[in-house]
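# Overview (structure and organization)
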Amino acid sequence: MKKILLGSVLASSVLFAANTEVFDPKSVKDHLVIKMQVLDQKKNKNAGEVIAVQTAYGVAFFPQLKGLEPGIHGFHVHENADCGATDKGLGMKAGGHWDPEKTERHSLPWDDKGHKGDLPALYVDKDGNANNPVLAPKIKNLNELKKHALMVHFGGDNHSDHPAALGGGGARMACGVIK
């Protein structure tokens with residue numbers, strides 16, 4: 001009986017694996033590849049890429065990142081297509097969160113009353129990898145993203161300006177220019 005049960009489990013696992021395809025965001029005709037770098041005082045380091053894909057529900061971001069701090073991190077589209085440093089810190093040339101409607105509010109990714117660049121938080125596993133996609137329903141098409149920057153912040157994001165401004169996130173960890 002145990003052999004039959006084990007055989008059934010193995011057979012169904014093989015069939016499941018054979019019929020399961022991994023979605024490749026680069027297979028979508030309209031996509032953007034955003035090269036990301038871990039920001040560093042001396043020299044930025046390659047962190048991988050994020051592929052942005054237009055969907056019927058908004059733009060989906062598919063991270064393929066490595067070398068990041070584990071945990072939950074703020075993830076945003078920023079105003080300027082520049083990841084350079086200023087005297088205020090790393091990645092500061094990217095400007096603030098993208099806010100074309102001038103709401104001046106940090107908000108939930110699906111709330112139209114805040115920054116258009118507010119994305120769902122990015123999860124980074126214990127090994128420093130981020131591979132879970134996020135959906136940005138406020139961003140309707142890929143062309144809107146061009147000439148901006150994609151930013152990963154240290155620390156989480158509560159999607160509010162209270163109790164701390166801009167979701168309480170920290171410094172800028174990784175950045176990519178959206179071309």
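Higher on the page you've got the structure.
Residues numbered from 1 in each chain as written. Predicted model: local features only at pLDDT ≥ 70, side-chain atom pairs only at ≥ 80, totals over all residues. Heavy atoms only, no water.

Moving on, we get to the pattern of salt bridges. All told, the structure shown has 5 salt bridges when counted by the stated rule. Ionic pairing is found between K35 and E49, a salt bridge with its closest N-O pair at 3.1 Å. Of this pair, K35 sits in strand β1 (residues 31–38) while E49 sits in strand β2 (residues 45–55), and the two are 14 residues apart along the sequence. With a relative accessible area of 9%, E49 lands in the buried category. The residue K126 makes a salt bridge to D127 at a minimum N-O spacing of 3.5 Å. The residues K126 and D127 share a single accessibility class, namely exposed. Three or more residues joined by partner-sharing salt bridges are found here, namely K26, K35 and E49. (Salt bridge = Lys/Arg side-chain N within 4 Å of Asp/Glu carboxyl O. Helix = DSSP H or I, 4+ residues; strand = E, 2+ residues; numbered from the N terminus. Buried < 20%, exposed > 50% of the residue type's maximum accessible area, 1.4 Å probe, protein only.)

Moving on: the packing of aromatic side chains. Counted under the stated rule, the structure contains 2 aromatic pairs. With 5.2 Å between their ring centres and 45 degrees between their planes, F23 and F62 make a pair best called tilted. Placement of the pair is F23 in the loop between α1 (2–19) and β1 and F62 in strand β3 (residues 58–65), with a sequence separation of 39 residues. By relative accessible area, F23 is classed as partly exposed at 47%. Between F61 and F75, the aromatic rings sit 6.2 Å apart at their centres with planes inclined by 75 degrees, giving edge-to-face as the arrangement. Of the two residues, F61 is situated in strand β3 and F75 in strand β5 (residues 75–78); the sequence distance between them amounts to 14 residues. (Phe/Tyr/Trp six-rings, centres within 6.5 Å; stacked < 30°, edge-to-face > 60°.)

The next point concerns the environment of L32. Tracing the chain through its elements places L32 in strand β1. Residue L32 is classed as buried on the basis of its relative accessible area of 11%. Measuring from C-alpha to C-alpha, the distance between L32 and L145 comes to 9.1 Å, with 113 residues separating the pair along the chain.

Time to look at the environment of M173. Looking at where M173 falls in the secondary structure, it is placed in strand β9 (residues 172–178). In this structure M173 comes out as buried when scored by relative accessible area, which is 2%. Along the sequence, M173 and F154 sit 19 residues apart, while their C-alpha atoms lie 5.7 Å from each other. When residues no more than four places from it in sequence are discounted, the contact partners of M173 are Q37, V38, L39, L68, E69, H73, V152, H153 and F154. (Contact = heavy atoms within 4.5 Å.)

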